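One letter stands for each residue in the lines below.
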Amino acid sequence: SQELEQSPQSLIVQEGKNLTINCTSSKTLYGLYWYKQKYGEGLIFLMMLQKGGEEKSHEKITAKLDEKKQQSSLHITASQPSHAGIYLCGAVMDTGRRALTFGSGTRLQVQP
Amino acid sequence: DARVTQTPRDKVTEMGQEVTMRCQPILGHNTVFWYRQTMMQGLELLAYFRNRAPLDDSGMPKDRFSAEMPDATLATLKIQPSEPRDSAVYFCASGLVLAGVINNEQFFGPGTRLTVL
(Lines give C-alpha, C1' and ligand atoms only; values in the text may rest on other atoms or scores of the structure.)
Protein backbone atom coordinates (compact mmCIF):
# COMPACT_ATOMS: atom_id res chain seq x y z
CA SER A 1 0.00 0.00 0.00
CA GLN A 2 1.12 3.52 -0.68
CA GLU A 3 2.35 5.49 2.33
CA LEU A 4 1.18 8.63 0.58
CA GLU A 5 -2.16 8.47 -1.20
CA GLN A 6 -2.94 11.04 -3.84
CA SER A 7 -6.36 11.79 -5.22
CA PRO A 8 -7.62 11.99 -7.81
CA GLN A 9 -5.33 9.90 -9.99
CA SER A 10 -6.25 11.98 -12.98
CA LEU A 11 -8.20 15.14 -13.63
CA ILE A 12 -9.46 16.88 -16.74
CA VAL A 13 -10.68 20.45 -16.32
CA GLN A 14 -11.69 23.28 -18.58
CA GLU A 15 -9.37 26.24 -18.76
CA GLY A 16 -10.28 28.80 -16.16
CA LYS A 17 -11.69 26.31 -13.66
CA ASN A 18 -10.36 25.77 -10.16
CA LEU A 19 -9.16 22.38 -8.97
CA THR A 20 -7.81 20.63 -5.89
CA ILE A 21 -5.44 17.70 -5.51
CA ASN A 22 -5.08 15.89 -2.20
CA CYS A 23 -2.24 14.00 -0.58
CA THR A 24 -2.97 11.91 2.51
CA SER A 25 -0.65 10.05 4.85
CA SER A 26 -1.48 7.50 7.52
CA LYS A 27 1.39 8.89 9.60
CA THR A 28 2.24 12.36 10.83
CA LEU A 29 4.28 14.14 8.21
CA TYR A 30 7.51 15.93 9.04
CA GLY A 31 7.09 18.01 5.93
CA LEU A 32 5.33 17.81 2.61
CA TYR A 33 6.76 18.65 -0.81
CA TRP A 34 4.88 19.33 -4.01
CA TYR A 35 6.49 18.79 -7.39
CA LYS A 36 5.25 19.11 -10.94
CA GLN A 37 6.44 16.87 -13.75
CA LYS A 38 5.93 17.23 -17.48
CA TYR A 39 6.23 14.19 -19.68
CA GLY A 40 9.84 13.37 -20.43
CA GLU A 41 11.15 15.91 -17.96
CA GLY A 42 12.37 16.05 -14.43
CA LEU A 43 10.49 17.18 -11.34
CA ILE A 44 10.04 20.87 -10.77
CA PHE A 45 9.93 21.90 -7.13
CA LEU A 46 6.78 23.87 -6.32
CA MET A 47 6.77 24.28 -2.55
CA MET A 48 7.51 22.69 0.79
CA LEU A 49 5.29 22.83 3.88
CA GLN A 50 6.53 22.05 7.34
CA LYS A 51 4.19 23.38 9.97
CA GLY A 52 0.67 22.26 10.68
CA GLY A 53 -1.74 24.80 9.25
CA GLU A 54 0.92 26.27 6.97
CA GLU A 55 -0.19 27.62 3.61
CA LYS A 56 2.01 28.76 0.73
CA SER A 57 1.22 30.26 -2.62
CA HIS A 58 3.11 30.63 -5.85
CA GLU A 59 1.33 32.43 -8.67
CA LYS A 60 -2.03 30.65 -8.93
CA ILE A 61 -1.05 27.56 -6.95
CA THR A 62 -1.74 27.32 -3.22
CA ALA A 63 -0.79 24.42 -0.97
CA LYS A 64 -1.84 23.77 2.59
CA LEU A 65 -0.77 21.32 5.27
CA ASP A 66 -3.52 20.49 7.69
CA GLU A 67 -3.17 21.04 11.45
CA LYS A 68 -2.58 17.39 12.19
CA LYS A 69 0.05 17.23 9.45
CA GLN A 70 -1.43 14.20 7.80
CA GLN A 71 -2.93 15.72 4.72
CA SER A 72 -2.02 18.36 2.21
CA SER A 73 -4.01 19.92 -0.59
CA LEU A 74 -2.84 21.69 -3.71
CA HIS A 75 -5.27 24.18 -5.19
CA ILE A 76 -4.99 25.77 -8.61
CA THR A 77 -7.08 28.84 -9.31
CA ALA A 78 -8.20 29.69 -12.83
CA SER A 79 -6.31 26.82 -14.44
CA GLN A 80 -4.38 27.32 -17.66
CA PRO A 81 -2.99 24.85 -20.21
CA SER A 82 0.46 25.55 -18.75
CA HIS A 83 -0.68 23.91 -15.52
CA ALA A 84 -1.03 20.54 -17.26
CA GLY A 85 1.29 17.81 -16.05
CA ILE A 86 1.71 15.32 -13.24
CA TYR A 87 1.64 16.63 -9.70
CA LEU A 88 3.52 14.61 -7.12
CA CYS A 89 3.54 14.96 -3.37
CA GLY A 90 6.56 13.74 -1.45
CA ALA A 91 7.45 13.55 2.22
CA VAL A 92 10.17 12.59 4.63
CA MET A 93 8.58 9.60 6.35
CA ASP A 94 11.59 8.66 8.44
CA THR A 95 13.69 11.34 10.15
CA GLY A 96 16.70 9.04 9.92
CA ARG A 97 16.62 9.39 6.15
CA ARG A 98 16.31 12.59 4.19
CA ALA A 99 15.05 10.85 1.07
CA LEU A 100 11.48 11.44 -0.02
CA THR A 101 8.65 8.97 -0.31
CA PHE A 102 6.32 9.95 -3.13
CA GLY A 103 2.65 9.54 -3.87
CA SER A 104 1.58 7.97 -7.13
CA GLY A 105 0.88 11.30 -8.78
CA THR A 106 -2.12 13.15 -10.21
CA ARG A 107 -2.24 13.65 -13.96
CA LEU A 108 -3.84 16.99 -14.82
CA GLN A 109 -5.13 17.95 -18.25
CA VAL A 110 -6.45 21.44 -18.90
CA GLN A 111 -8.64 21.77 -21.95
CA PRO A 112 -8.63 25.13 -23.77
CA ASP B 1 21.10 29.04 -13.11
CA ALA B 2 22.32 26.03 -11.11
CA ARG B 3 20.78 22.71 -12.02
CA VAL B 4 21.37 18.99 -11.77
CA THR B 5 22.55 17.45 -15.01
CA GLN B 6 22.26 13.84 -16.07
CA THR B 7 23.71 11.88 -18.95
CA PRO B 8 22.68 10.21 -21.12
CA ARG B 9 19.12 11.48 -21.46
CA ASP B 10 18.06 8.35 -23.29
CA LYS B 11 19.65 4.93 -23.43
CA VAL B 12 18.50 1.85 -25.33
CA THR B 13 20.46 -1.30 -24.72
CA GLU B 14 20.16 -5.03 -24.97
CA MET B 15 19.67 -7.36 -22.07
CA GLY B 16 22.96 -8.32 -20.46
CA GLN B 17 24.78 -5.14 -21.36
CA GLU B 18 26.32 -2.79 -18.81
CA VAL B 19 24.69 0.59 -18.37
CA THR B 20 26.26 3.59 -16.65
CA MET B 21 24.28 6.72 -15.82
CA ARG B 22 25.95 9.90 -14.65
CA CYS B 23 24.82 12.81 -12.57
CA GLN B 24 26.40 16.15 -11.79
CA PRO B 25 24.82 17.59 -8.63
CA ILE B 26 24.48 21.29 -7.95
CA LEU B 27 27.75 22.74 -6.72
CA GLY B 28 27.75 23.01 -2.95
CA HIS B 29 25.08 20.38 -2.35
CA ASN B 30 26.20 17.65 0.04
CA THR B 31 23.55 15.00 -0.63
CA VAL B 32 22.79 13.11 -3.83
CA PHE B 33 19.79 10.85 -4.35
CA TRP B 34 19.04 8.28 -7.04
CA TYR B 35 15.37 7.58 -7.73
CA ARG B 36 13.68 5.32 -10.28
CA GLN B 37 10.29 5.99 -11.84
CA THR B 38 8.10 3.35 -13.46
CA MET B 39 4.43 3.24 -14.30
CA MET B 40 3.84 0.39 -11.88
CA GLN B 41 5.89 1.50 -8.87
CA GLY B 42 5.93 5.24 -9.29
CA LEU B 43 8.93 7.13 -7.97
CA GLU B 44 11.07 5.18 -5.52
CA LEU B 45 14.42 5.72 -3.85
CA LEU B 46 17.33 3.56 -4.92
CA ALA B 47 20.23 5.06 -2.98
CA TYR B 48 21.63 8.25 -1.55
CA PHE B 49 24.94 9.75 -0.55
CA ARG B 50 25.95 12.37 1.98
CA ASN B 51 29.33 14.03 1.51
CA ARG B 52 30.09 11.30 -1.04
CA ALA B 53 29.53 8.48 1.46
CA PRO B 54 26.73 6.01 0.77
CA LEU B 55 24.06 6.30 3.46
CA ASP B 56 21.30 4.12 2.16
CA ASP B 57 21.14 1.77 -0.79
CA SER B 58 18.38 -0.47 0.51
CA GLY B 59 16.21 0.26 -2.52
CA MET B 60 18.78 -1.06 -4.94
CA PRO B 61 19.12 -4.66 -6.18
CA LYS B 62 22.63 -5.30 -4.90
CA ASP B 63 23.52 -8.08 -7.27
CA ARG B 64 23.37 -5.91 -10.36
CA PHE B 65 23.22 -2.26 -9.32
CA SER B 66 26.02 -0.16 -7.92
CA ALA B 67 26.19 3.53 -7.07
CA GLU B 68 29.29 5.60 -6.44
CA MET B 69 30.47 9.16 -6.04
CA PRO B 70 34.05 9.28 -7.26
CA ASP B 71 34.15 13.00 -6.48
CA ALA B 72 31.84 15.77 -5.34
CA THR B 73 30.88 16.68 -8.90
CA LEU B 74 29.98 13.21 -10.18
CA ALA B 75 27.63 10.45 -9.09
CA THR B 76 27.26 7.26 -11.10
CA LEU B 77 24.67 4.50 -11.19
CA LYS B 78 25.71 1.31 -12.91
CA ILE B 79 23.67 -1.73 -13.89
CA GLN B 80 25.50 -4.90 -14.84
CA PRO B 81 24.01 -6.97 -16.35
CA SER B 82 20.91 -5.04 -17.37
CA GLU B 83 17.51 -6.73 -17.64
CA PRO B 84 14.25 -5.66 -19.34
CA ARG B 85 12.65 -5.05 -15.91
CA ASP B 86 15.25 -2.30 -15.33
CA SER B 87 13.55 -0.19 -18.01
CA ALA B 88 12.53 3.02 -16.26
CA VAL B 89 13.42 6.67 -15.89
CA TYR B 90 16.28 7.17 -13.45
CA PHE B 91 16.43 10.51 -11.67
CA CYS B 92 19.24 12.05 -9.75
CA ALA B 93 18.47 14.75 -7.21
CA SER B 94 20.73 16.84 -5.01
CA GLY B 95 20.22 18.95 -1.95
CA LEU B 96 22.01 20.71 0.87
CA VAL B 97 21.04 18.69 3.92
CA LEU B 98 21.85 20.42 7.19
CA ALA B 99 22.34 18.65 10.50
CA GLY B 100 19.20 18.78 12.60
CA VAL B 101 17.06 20.01 9.72
CA ILE B 102 14.60 17.43 8.50
CA ASN B 103 13.29 19.19 5.44
CA ASN B 104 15.53 20.44 2.70
CA GLU B 105 14.77 21.18 -0.93
CA GLN B 106 15.72 18.45 -3.36
CA PHE B 107 16.44 19.50 -6.93
CA PHE B 108 15.90 16.91 -9.63
CA GLY B 109 17.75 16.34 -12.85
CA PRO B 110 15.95 15.70 -16.15
CA GLY B 111 16.34 11.93 -15.82
CA THR B 112 17.80 9.14 -17.93
CA ARG B 113 15.19 7.10 -19.80
CA LEU B 114 16.51 3.54 -19.95
CA THR B 115 15.08 0.90 -22.24
CA VAL B 116 16.46 -2.61 -21.98
CA LEU B 117 15.41 -4.85 -24.87
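Draft legend 1. Molecular detail of the overall build of chain B. Secondary structure assignment for chain B yields zero helices and eleven strands. Mapped from its N terminus to its C terminus, chain B presents α and β elements in the order β-β-β-β-β-β-β-β-β-β-β. For 117 residues, the compact-globule estimate of 2.2 N^0.38 gives 13 Å, and the C-alpha radius of gyration of chain B, at 14 Å, lies within 12% of that figure. Taken across its 117 residues, chain B has 47% of its residues classed as buried. Of all intrachain contacts in chain B linking residues separated by at least 6 positions in sequence, the fraction that spans at least 24 positions is 55%. If you sum the accessible surface of chain B, you get close to 5,800 Å²; carbon and sulfur atoms cover 52% of it.

Draft legend 2. Just the interface of chain A and chain B, in detail. Each side of the interface is counted separately: chain A has 22 residues, and chain B has 24 residues. Here chain A packs against chain B, burying approximately 1,900 Å² in sum over the two surfaces, 52% of which is carbon and sulfur. At the junction of chain A and chain B, the tally comes to three residue pairs in polar contact (both at pLDDT 80 or more). Partitioned by chemical class, the residues of the side of chain A that touches chain B number twelve nonpolar, seven polar and three charged.

Draft legend 3. Focus on the nonpolar core. Core analysis: the biggest nonpolar cluster contains 23 residues, and Leu32(A), Trp34(A), Tyr87(A) and Leu108(A) have the highest contact counts within it. Of all the secondary-structure elements, those providing two or more residues to this core are strand 2 (10-14), strand 3 (19-25), strand 4 (32-37), strand 5 (43-49), strand 7 (61-65), strand 8 (71-76), strand 9 (85-91) and strand 11 (106-111) of chain A. Other than its neighbours up to four places away in sequence, Leu32(A) contacts Cys23(A), Met47(A), Met48(A), Leu49(A), Leu65(A), Ser72(A), Cys89(A), Gly90(A) and Ala91(A). One finds Ile26(B), Val32(B), Ala67(B) and Leu77(B) within the second-largest nonpolar core, a separate group that totals 22 residues.

Draft legend 4. Here's a closer look at the confidence of the model for chain B. Per-residue pLDDT for chain B averages 92, and the proportion of residues at 70 or more is 97%. No element of chain B has a lower mean pLDDT than strand 6 (residues 53-56) of chain B, which averages 86, and none a higher one than strand 3 (residues 19-24) of chain B, which averages 98.

Draft legend 5. A look at the side chain of Arg36(B). Residues and elements named next belong to chain B. Looking at the element boundaries, Arg 36 is found in strand 4 (residues 31-38). A relative accessible area of 12% places Arg 36 in the buried class. Beyond its immediate chain neighbours, meaning those up to four positions away, Arg 36 contacts Gly 42, Leu 43, Glu 44, Leu 46, Phe 65, Asp 86, Ala 88, Val 89 and Tyr 90.

Draft legend 6. A look at the packing of aromatic side chains. Tallied over the entire structure, the rule returns nine aromatic pairs over all chains. When the centroid spacing of 5.2 Å and the interplanar angle of 25 degrees are considered together, the rings of Phe33(B) and Tyr48(B) count as stacked. Here Tyr48(B) lies in strand 5 (residues 42-50) and Phe33(B) lies in strand 4, a separation of 15 residues in the sequence. The same class applies to Phe33(B) and to Tyr48(B), which are both buried. Among the aromatic residues, ring-to-ring pairing joins Tyr35(A), Phe45(A), Phe102(A), Phe33(B), Tyr35(B), Tyr48(B), Phe91(B) and Phe108(B) into one connected group.

Draft legend 7. Examining the pairing of strand 3 of chain A more closely. Residues and elements named next belong to chain A. Burial of strand 3 is one-sided: the residues Leu 19, Ile 21, Cys 23 and Ser 25 facing one way are buried, the residues Thr 20, Asn 22 and Thr 24 facing the other way are not. By the bridge criterion, four bridges tie strand 1 (residues 4-7) to strand 3 in an arrangement that is antiparallel. Looking at strand 3, one finds that Ser 7 is bridged to Asn 22. Relative to strand 8, strand 3 is paired through six bridges, and the arrangement is antiparallel. Residue pairing for strand 8: Cys 23 is matched across the bridge by Ser 72.

Draft legend 8. Region of the structure containing the environment of Leu114(B). All names here are of chain B. Inspection of the secondary structure assignment puts Leu 114 in strand 11 (residues 112-116). For Leu 114, a relative accessible area of 2% corresponds to the buried category. Placed 74 residues apart in sequence, Leu 114 and Met 40 show a C-alpha to C-alpha distance of 15 Å. If near-sequence neighbours (up to four positions away) are discounted, Leu 114 is found in contact with Lys 11, Thr 13, Val 19, Ile 79, Asp 86, Ser 87, Ala 88 and Tyr 90.

Procedures and definitions
Within every chain, residues take consecutive numbers counted from 1 along the sequence as written. Chains carry letters from A onward and ligands carry numbers from 1 onward, assigned in written order. The predicted origin of the model limits local features to residues at a pLDDT of at least 70 and limits the giving and counting of side-chain atom pairs to 80 or more, whereas totals for whole chains, interfaces and linings rest on all residues. In computing side-chain values, all of the structure's heavy atoms are included and hydrogens and water are not. Each helix is a run of DSSP H or I of at least 4 residues and each strand a run of E of at least 2, with the numbering of both proceeding from the N terminus. Atoms counted for the radius of gyration: C-alpha only. Globule rule: 2.2 Å times residue count to the power 0.38. Note on classification: 1.4 Å probe, protein chains only; a residue is buried when its accessible area is under 20% of the maximum for its type, exposed when over 50%, partly exposed between these limits. We call two residues in contact when some of their heavy atoms are within 4.5 Å. Values of accessible area rely on a 1.4 Å probe in the Shrake-Rupley scheme; residue burial ignores everything except the protein chains shown. Simply put, the buried area is the total loss of 1.4 Å probe accessible area from both parts when two parts are fitted together. Definition of a polar contact: a pair of N or O atoms within 3.5 Å, with one able to donate and the other able to accept a hydrogen when the atoms are protein atoms, and with sequence-neighbouring residues admitted only if both atoms are side-chain atoms. Here the nonpolar group is Ala, Val, Leu, Ile, Met, Phe, Trp, Tyr, Cys and Pro; Asp, Glu, Lys and Arg are the charged ones; every other residue, Gly included, is treated as polar. Put simply, buried Ala, Val, Leu, Ile, Met, Phe, Trp, Tyr and Cys residues joined by side-chain atoms within 4.5 Å make one nonpolar core. Values of pLDDT, the confidence the predictor places in each residue, fall between 0 and 100. Whether two aromatic rings pair depends on their centres lying within 6.5 Å, for rings of Phe, Tyr and Trp, where Trp uses its six-membered ring; planes under 30 degrees apart make the pair stacked, over 60 edge-to-face, and the rest tilted. Here the rule is simple: two strands pair whenever DSSP picks up at least two bridges between them.

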